[in-house]
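Remarks on the overall topology
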Amino acid sequence: MPKYAVKMKAELENINKLIPIENNLWKFNIKSQDGMDSREGITVSKGDSLELSGSKGEANFIIKWNSSNPQSYIKIVDSKGVSGMYTADNAGKYVTILVLECRGIEPTSCIPGEDFSAETSGGTVFSNIDLSDGDWAEYDEENDASVSITDVVYIIEKM
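Numbers given for residues are sequential positions, taken from 1 along each chain in its written order. A pLDDT threshold of at least 70 governs which residues receive local features in this predicted model, and a stricter bar of 80 or more applies before side-chain atom pairs are shown or counted, although totals over entire chains, interfaces and linings include all residues. Side-chain measures were taken over the full set of non-hydrogen atoms in the model, leaving aside hydrogen atoms and water.

1. Side note on the overall build of the chain
Heads up, the condition is: To qualify as a helix, a DSSP run of H or I must reach at least 4 residues; to qualify as a strand, a run of E must reach at least 2; elements of each kind are numbered from the N terminus. Note on exposure labels: buried denotes an accessible area under 20% of the residue type's maximum, exposed denotes more than 50%, and partly exposed covers the range between, all computed with a 1.4 Å probe on protein chains only. The criterion used for residue contact is that any of the two residues' heavy atoms lie within 4.5 Å. Residue burial considers only the protein chains on display, and all accessible areas are found by Shrake-Rupley using a 1.4 Å probe. The charged-residue count follows a simple rule in which Lys and Arg add positive charge and Asp and Glu add negative charge, with His and chain termini not counted at all. Think of each charge as sitting on NZ of Lys, CZ of Arg, CG of Asp or CD of Glu.
The number of helices and strands found in the chain is 0 helices and 15 strands. When the 159 residues of the chain are sorted by exposure, 42% land in the buried category. The contacts of the chain with a sequence gap of at least 6 include a subset with a gap of at least 24, amounting to 60%. For the chain, the exposed area adds up to about 8,700 Å²; of that, 42% sits on carbon and sulfur atoms. In the chain, 15 side chains carry a positive charge and 26 a negative one; their mean positions are 15 Å apart.

See the structure below:
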């Protein structure tokens, strides 16, 4: 099965790490492997476990395209060296934060969402960070510092 790396790049101000919350709803635009069909804004969560028909396997997203007989799917998989976290050490660099195993589907883009938390340089944790605009900013009162995540960009590469 083809695997795809979802990579993220961002600028961090006074943020130590950006972490997807457990069972984050990842949002993607996808197309069928033959390029005949596409969907925008589909959501995939590791917390969603769906049975594949005619198989003992499971996936996190299943679709049956109009142009094909077999069902197509996306499965979020663990991959060595991928923690899902984006850290201050990575700022400005592309880092793999998610790996997808796909059958009959090609993810074409990842859409930033709001299922993240961040830990500041001072140790304060902010929850429900919304990156849908590509930027987020707040003030860390405990540490008297402005904090921000800017210039968020995702790319998807076939592994």
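Resuming the write-up.
2. Side note on the nonpolar core
To keep it simple, the criterion reads: For this analysis, a nonpolar core means a set of buried residues of the types Ala, Val, Leu, Ile, Met, Phe, Trp, Tyr and Cys, connected via side-chain atoms within 4.5 Å.
Ranked by internal contacts, the top residues of the largest apolar core, which has 36 residues, are Phe28 and Ile149. Those residues within four positions of isoleucine 149 in sequence are excluded, and the remaining contacts are Ala10, Glu11, Leu12, Ile15, Leu18, Ala118, Ile129, Leu131, Gly134, Asp135 and Trp136.

3. Topic: the sheet that holds strand E8 (residues 72-77)
The following threshold applies: Here, any two strands with at least 2 DSSP bridges between them count as paired. All axes are obtained by fitting lines to C-alpha atoms, using only the stretch in contact for helices, and the reported angles, taken between N-to-C directions, cover 0 to 180 degrees.
Ordered by their spatial adjacency, 6 strands build an open sheet running E7-E8-E10-E1-E15-E14, and the pairing between neighbours is antiparallel. Each having just a single partner strand, strand E7 (61-63) and strand E14 (136-140) make up the two edges of the open sheet. Within this sheet the neighbouring strands show an average axis-to-axis angle of 25 degrees, counted without direction. As paired strands, E8 and strand E10 (residues 95-103) are joined by 5 bridges and run antiparallel to one another. The residue bridging lysine 75 from the neighbouring strand is glutamate 101, located in E10.

4. A look at the packing of aromatic side chains
To be explicit about the condition: Whether two aromatic rings pair depends on their centres lying within 6.5 Å, for rings of Phe, Tyr and Trp, where Trp uses its six-membered ring; planes under 30 degrees apart make the pair stacked, over 60 edge-to-face, and the rest tilted.
Evaluation of the coordinates by the stated rule reveals 2 aromatic pairs. Aromatic side chains tryptophan 26 and phenylalanine 116 sit 5.9 Å apart centroid to centroid with 90 degrees between the ring planes, which places their arrangement in the edge-to-face category. Of this pair, tryptophan 26 sits in strand E3 (residues 26-32) while phenylalanine 116 sits in strand E12 (residues 116-120), and the two are 90 residues apart along the sequence. The exposure class of tryptophan 26 is buried, given its relative accessible area of 7%. Classification of phenylalanine 116 by relative accessible area gives buried; the value is 2%. When the centroid spacing of 5.4 Å and the interplanar angle of 65 degrees are considered together, the rings of phenylalanine 126 and tryptophan 136 count as edge-to-face. Residue phenylalanine 126 is found in strand E13 (residues 125-129), and its partner tryptophan 136 is found in strand E14; the two are separated by 10 residues along the sequence.

5. Brief notes about the pattern of salt bridges
Note the threshold: Put simply, a salt bridge is a Lys or Arg side-chain nitrogen that is within 4 Å of an Asp or Glu carboxyl oxygen.
Summed over all chains, the structure comprises 3 salt bridges. Taking the shortest distance from any N to any O, the salt bridge between lysine 17 and glutamate 119 comes out at 4.0 Å. Of this pair, lysine 17 sits in strand E2 (residues 15-20) while glutamate 119 sits in strand E12, and the two are 102 residues apart along the sequence. Assessed through its relative accessible area of 25%, lysine 17 is described here as partly exposed. With a closest N to O distance of 2.6 Å, lysine 46 and aspartate 78 form a salt bridge.

6. Thoughts on the sheet that holds E13
The antiparallel open sheet is built from 4 strands, whose spatial order is E9-E2-E12-E13. The two strands at the open ends of the sheet, each matched to only one other strand, are strand E9 (86-87) and E13. Two strands pair when backbone bridges link them, and E12 and E13 are joined in this way by 3 bridges, in the antiparallel orientation. Bridge pairing in E13 places glutamate 119 opposite valine 125.

Such coordinate-based values are descriptive only and should not be taken to indicate function.
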